[in-house]
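# Summary of structural features
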Protein chains: 2
Amino acid sequence: MLLFDQQHAPSPRRVRIFLAEKGIAYDRKQINIVRGENLSPEFLEINPRGRLPALVLDDGTVLDESVAICRYFEELYPDPPLMGTDALSKARIEARLRHVEFDGLLPASEVFRNAYPRFQSRAFGGNVGTIQAIPELVNRGKVLVSIFFKRLEAELNKSQYIAGEGFSIADIAALCTIDFATTSARIPFPDNYSALRSWYQTVTARPSTTA
Amino acid sequence: MLLFDQQHAPSPRRVRIFLAEKGIAYDRKQINIVRGENLSPEFLEINPRGRLPALVLDDGTVLDESVAICRYFEELYPDPPLMGTDALSKARIEARLRHVEFDGLLPASEVFRNAYPRFQSRAFGGNVGTIQAIPELVNRGKVLVSIFFKRLEAELNKSQYIAGEGFSIADIAALCTIDFATTSARIPFPDNYSALRSWYQTVTARPSTTA
């Protein structure tokens, strides 16, 4: 199978780490978003929404959404579990995953897309035509990401991982969000949050995170 | 169990319809977001993020995220299935659900929160302090919702429901998004999309949608 990938984008990385944790092999093809390759006719044939990642299975089926790709492999290869093992743990992990996306990843993306000069007239991801940057979203995004960091610190003072006592897809999402926020979106890693820093070091030490 | 609810907000409605489809009974407590009851100390004790819905189980466990609540009950009561029955259908439904949220619900929410006068300084949902409205988000949101409608029409020309041939959580999300967009966010229902209109009439006829 073939993963349409973008090395520096957070959601393709989430899938790569997830598949590495599961020990699943696949081929990769890099699509350069800054150069607009995700909006080329060839790629829109694969994924009309123009977003990454997209995974083409060996029978040609396309899965065009990061968490959906993870769900597919969690169902096929439940060991090691990354999305919970019973109703309550599945619900908790899903809640925390979505908190990370809504509170952290989306605002960090708004900071990046609305600040980066080459996205000035493509300030919203995917196949949506011309969308001009809105400078106020940069400041709003920074405020929201700072609240996200603060919440993570409070929660990681109570539990070892983002969704409780085991590593899960929520940790993968949080790691990719933080790395994206602190590099692409240029938001400093908060230096006064010791539980967050300790969690970050633990998670970053996993071999999967270099995938 | 007790659902902290808001009658007119789209995500609590998604949960109510999902539970009605499953035939699950529960108590409800209305929390008025416009009046700021979601930011009261009493509610923040239940859900520190200040968002709705939140469900308190009989043992006191709180599930504070709409899709996570649905996941919990899908696992406990898989019949009728609303989130898929095998790896591929689960992945497809998850992908379509997330498309609906990202392409439709989030931009419609931006239109509403940034246009409605009483949210002028609370223009982002939940417990995030003062966020001033950004008028440009109203126009951006309307553009994105129009693309969302157009995509739905194209897809519903190919399949009966949002994620294929069966009713699923993705249909619930799309219905709640459209009703929210056309009432609260005051975006007209597109009158030239016959597949979308036919789907809308079919789905709206389900008894669960009045929950």
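Conventions used here
- Residues numbered from 1 in each chain as written.
- Chains lettered and ligands numbered in written order.
- Predicted model: local features only at pLDDT ≥ 70, side-chain atom pairs only at ≥ 80, totals over all residues.
- Heavy atoms only, no water.
- Helix = DSSP H or I, 4+ residues; strand = E, 2+ residues; numbered from the N terminus.
- Rg over C-alpha atoms; globule rule 2.2 N^0.38 Å.
- Buried < 20%, exposed > 50% of the residue type's maximum accessible area, 1.4 Å probe, protein only.
- Contact = heavy atoms within 4.5 Å.
- Areas by Shrake-Rupley, 256 points an atom, 1.4 Å probe, with all protein chains shown as cover.
- Lys, Arg positive; Asp, Glu negative; His and termini not counted.
- Charge placed at Lys NZ, Arg CZ, Asp CG, Glu CD.
- Least-squares fit on C-alpha atoms with pLDDT ≥ 70 in both.
- Phe/Tyr/Trp six-rings, centres within 6.5 Å; stacked < 30°, edge-to-face > 60°.
- Lys NZ or Arg CZ within 6 Å of the ring centre and 35° of its normal.
- Buried area = accessible area lost by both parts, 1.4 Å probe.
- Salt bridge = Lys/Arg side-chain N within 4 Å of Asp/Glu carboxyl O.
- Polar contact = N/O pair within 3.5 Å; in protein donor to acceptor, adjacent residues only side chain to side chain.
- Pairing = 2+ DSSP bridges.
- Right-handed = clockwise from strand over helix to strand, strands pointing away.
- Expected span 1.5 Å × (residues − 1).
- pLDDT = per-residue confidence, 0-100.

## Examining the overall build of chain A
The helix and strand inventory of chain A stands at seven helices and four strands. Each helix (α) and strand (β) of chain A, taken in turn from the N terminus, gives the series β-α-β-α-β-β-α-α-α-α-α. In terms of overall dimensions, chain A is globule-like: its C-alpha atoms have a radius of gyration of 17 Å, near the 17 Å expected for 211 residues. Along the first, second and third principal axes, the C-alpha set of chain A runs to 45 × 45 × 30 Å. Going through the 211 residues of chain A one by one, you find that 61% of them count as buried. Here the analysis covers contacts within chain A between residues at least 6 apart in sequence; of these, 64% occur between residues at least 24 apart. Split by element, the accessible area of chain A, about 8,900 Å² in all, is 52% carbon and sulfur. Positive and negative side-chain charges in chain A, numbering 25 and 25 respectively, have mean positions lying 6 Å apart.

## Remarks on the relation of the copies chain A and chain B
For the pair chain A and chain B, the best superposition has an RMSD of 0.0 Å and corresponds to a rotation of 180° with a translation of 0.0 Å parallel to the axis. When the rotation and shift are considered jointly, the pair of chain copies conforms to a two-fold rotation axis. Both copies present the same face, since 100% of the interface residues in chain A are matched by interface residues at the equivalent positions in chain B.

## Focus: the packing of aromatic side chains
What the rule picks out here adds up to 24 aromatic pairs over all chains. Ring centres of F148 of chain B and F149 of chain B lie 5.9 Å apart, and the angle between their planes is 35°; this geometry places the pair in the tilted category. Residue classification places F149 of chain B among the buried positions, given a relative accessible area of 4%. Between the NZ or CZ atom of R113 of chain A and the centre of the ring of F119 of chain A, over which it lies, the distance is 3.8 Å.

## Here we look at the environment of I162 of chain B
All names here are of chain B. In this fold, I162 is placed in the loop between α5 (136-156) and α6 (169-182). As a C-alpha pair, I162 and S198 span 36 residues in sequence and 12 Å in three-dimensional space. Ignoring sequence-local partners within four residues, the contact set of I162 consists of R96, V100, L152, L156, A170, D171, A174 and W199.

## Things to note about the interface of chain A and chain B
At the junction of the two partners, chain A supplies 43 residues and chain B supplies 43 residues. Overall, the association of chain A and chain B removes approximately 4,000 Å² of surface from exposure, summing both partners, and the carbon and sulfur fraction of that is 64%. The three residues of chain A that bury the most area against chain B are R49, R98 and R140 of chain A, which together make up 17% of that side's buried surface. Linking chain A with chain B are 12 salt bridges. Between K90 of chain A and E75 of chain B there is a salt bridge whose closest N-O contact spans 3.2 Å. For the interface between chain A and chain B, the tally reads 18 residue pairs in polar contact (both at pLDDT 80 or more). Those elements that place two or more of their residues in the side of chain A that touches chain B are α3 (66-76), α4 (87-115) and α5 (136-156) of chain A. If one sorts the elements of the side of chain A that touches chain B by residue count, α4 of chain A sits on top with 15 residues.

## Re the pairing of strand β1 (residues 2-5) of chain A
Both faces of the sheet carry side chains from a regular strand, because those side chains alternate between them. All names here are of chain A. Pairing geometry for β1 and strand β2 (residues 27-30), over four bridges, is parallel. Residue pairing in the sheet places F4 in a bridge with K29 of β2. In terms of handedness, the path from β1 via helix α1 (residues 10-22) over to β2 forms a crossover that is right-handed.

## Section: helix α1 (residues 10-22) of chain B
Along its 13 residues, α1 of chain B runs 19 Å from first to last C-alpha, staying within 8% of the 18 Å computed at 1.5 Å per residue. Burial analysis of α1 of chain B places 12 of its 13 residues in the buried class, the great majority of the element. Of the surrounding elements, those touching the buried residues of α1 of chain B are α4 of chain A together with β1 (2-5), β2 (27-30), α3 (66-76), α4 (87-115) and α6 of chain B.

## Structural notes on the sheet that holds strand β4 (residues 62-63) of chain B
All names here are of chain B. The mixed open sheet is built from four strands, whose spatial order is β2-β1-β3-β4. At either end of the open sheet lies a strand with only one pairing partner, and these are β2 and β4. Two strands pair when backbone bridges link them, and strand β3 (residues 54-56) and β4 are joined in this way by two bridges, in the antiparallel orientation. Residue L55 lies in a different strand from β4, and its bridge partner there is L63.

## Considering the sheet that holds β1 of chain A
In spatial order, the strands read β2-β1-β3-β4 (chain A); together these four strands make up an open sheet with mixed pairing. Two strands in the sheet have a free side with no partner beyond their single neighbour: β2 and β4 (62-63) of chain A.

## Re the pattern of salt bridges
Summed over all chains, the structure comprises 32 salt bridges over all chains. For E21 of chain A, the salt bridge is made with R206 of chain A, and the minimal N-O distance between the two is 2.8 Å. A residue pair is termed long-range when its members are at least 10 positions apart, and E21 of chain A in helix α1 and R206 of chain A in the segment after α7 (194-204) qualify at 185 residues. On the basis of relative accessible area, R206 of chain A is assigned to the partly exposed category, the value being 24%. A salt bridge links R151 of chain B to D103 of chain B; its shortest N-O distance comes to 2.9 Å.

## Thoughts on unusual backbone geometry
With omega at -5°, the peptide bond leading from D79 of chain A into P80 of chain A counts as cis. The residue P80 of chain A is located in the loop between α3 and α4 in this model.

## Side note on the confidence of the model for chain A
Fine structural detail should not be taken from predicted coordinates in areas where pLDDT scores are low. Per-residue confidence for chain A gives a mean pLDDT of 97; residues scoring 70 or more make up 100%. In the model output, the complex is listed with pTM 0.98 alongside ipTM 0.97.

## Overview of the environment of E136 of chain B
Relative to the helices and strands, E136 of chain B resides in helix α5. For E136 of chain B, a relative accessible area of 37% gives the class partly exposed. In this structure the C-alpha to C-alpha distance between E136 of chain B and R51 of chain B, which are 85 residues apart in sequence, comes to 24 Å. Those residues in contact with E136 of chain B, other than ones at most four positions away along the chain, are I134 and E136 of chain A.

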